[in-house]
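Geometric and topological summary
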Amino acid sequence: MNYRTGWLWLLPVGLIIVGLLTKAEALAALGISLVAGLSLAGSI
Amino acid sequence: MLLPPNRRRSLYDTKVIAAYWGGTTTGALLSALSVWVLSGFTEPLGMRVRIVLLLTGTVFVWLCRHGSLVGVLALPEARRQIPSQVFTSGIYRGAYQFGFEMGTGVRTYVPSIAPYILLLTVWLVRPTLATALLVGCGFGLGRAIPMMVMMTSQVASKDSGIAAEFIRGKDIYATPITGLLVLLGAFTLVY
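Keep in mind that what you see is a predicted model, and the values were worked out from it rather than measured. (Residues numbered from 1 in each chain as written. Chains lettered and ligands numbered in written order. Predicted model: local features only at pLDDT ≥ 70, side-chain atom pairs only at ≥ 80, totals over all residues.)

**What about the overall build of chain B?**
Operational definition: Under the scheme used here, helices are H or I runs from DSSP no shorter than 4 residues and strands are E runs no shorter than 2 residues, and both carry numbers assigned from the N terminus.
If you tally the helices and strands in chain B, you get seven helices and zero strands. Listed by position from the N terminus, the elements making up chain B come as α-α-α-α-α-α-α.

Below you can see the structure in the form of structure tokens.
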């Protein structure tokens, strides 16, 4: 992660926060799965 | 390497990435569905027990990966790189198979704890089938995004280093932060 590509994390983190605030299960599920997928970015 | 470095991208590269994305999504859907089916065994458990198990499981995964259980207990992962033989049947089919193995999450190295917490969440929270499928699609997309970044950034050579830095993911804070984010989101599925 760095400041130029850090924006990629805004989408999943935003989805998780909105999912938490609105109790929208689908948004949170999409957010956490995106985070988990992105967390493996170093293992290509 | 799916994408040769230092050349202008073409429709050919886009098709390779699309095949890779299809593979990561298919593999992730397979894993998510398998765990969702197994989650039926947790049906008799109450919600408090599920939450305790989720927290305990997260701590256990952390200890196995970064704590005192390193070298004592190994988390399920294939300690190998995906073999280059997957590309013997053509670049598109190879990209799909490569993506599939990456998407399953257990067919190559898994350096982060976040995917394990995600699987624990699907197993213990037992979301609806639609949510489990969404989890699979999201993980597949998340697995493919770095390759998409690589493709778009290498159009302008000055950005290639930035993409490489992102894809290497050497930030020591990345693993615990992503793990906590998944755990945080998991509680939305619980309540």
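Further notes follow.
**Notes on helix H1 (residues 10-22) of chain A**
Three or four residues apart is the spacing at which side chains of an α-helix point the same way, because the helix has 3.6 residues per turn. Residues and elements named next belong to chain A. Let me state the cut-off plainly: What a helix should span is 1.5 Å times the count of its residues minus one. Exposed residues have 12 or fewer other C-beta atoms within 10 Å of their own C-beta, buried residues have 20 or more, and residues in between are partly exposed; the C-beta atoms are placed from the backbone. This arc is built from the directions going out from the helix axis to the C-beta atoms.
Over its 13 residues, H1 runs 18 Å from end to end, which matches the ideal 18 Å to within 8%, given 1.5 Å per residue. Looking at H1, one finds that the buried residues are Pro12, Leu15, Ile16 and Gly19. Here the buried residues of H1 occupy an arc of 95 degrees about the axis, which is enough to place them on one side. Residues Leu10, Gly14, Leu21 and Thr22 are exposed on H1 and point more than 90 degrees away from its buried face. Two residues or fewer past H1, Lys23 is found with a positive phi of approximately 55 degrees.

**With respect to the environment of Met151(B)**
Residue and element names in this part refer to chain B. Looking at where Met151 falls in the secondary structure, it is placed in helix H5 (residues 129-153). C-beta crowding within 10 Å serves as the criterion here: with 18 such atoms nearby, Met151 is assigned to the partly exposed category. Separated by 137 residues in sequence, Met151 and Thr14 have C-alpha atoms that sit 8.1 Å apart.

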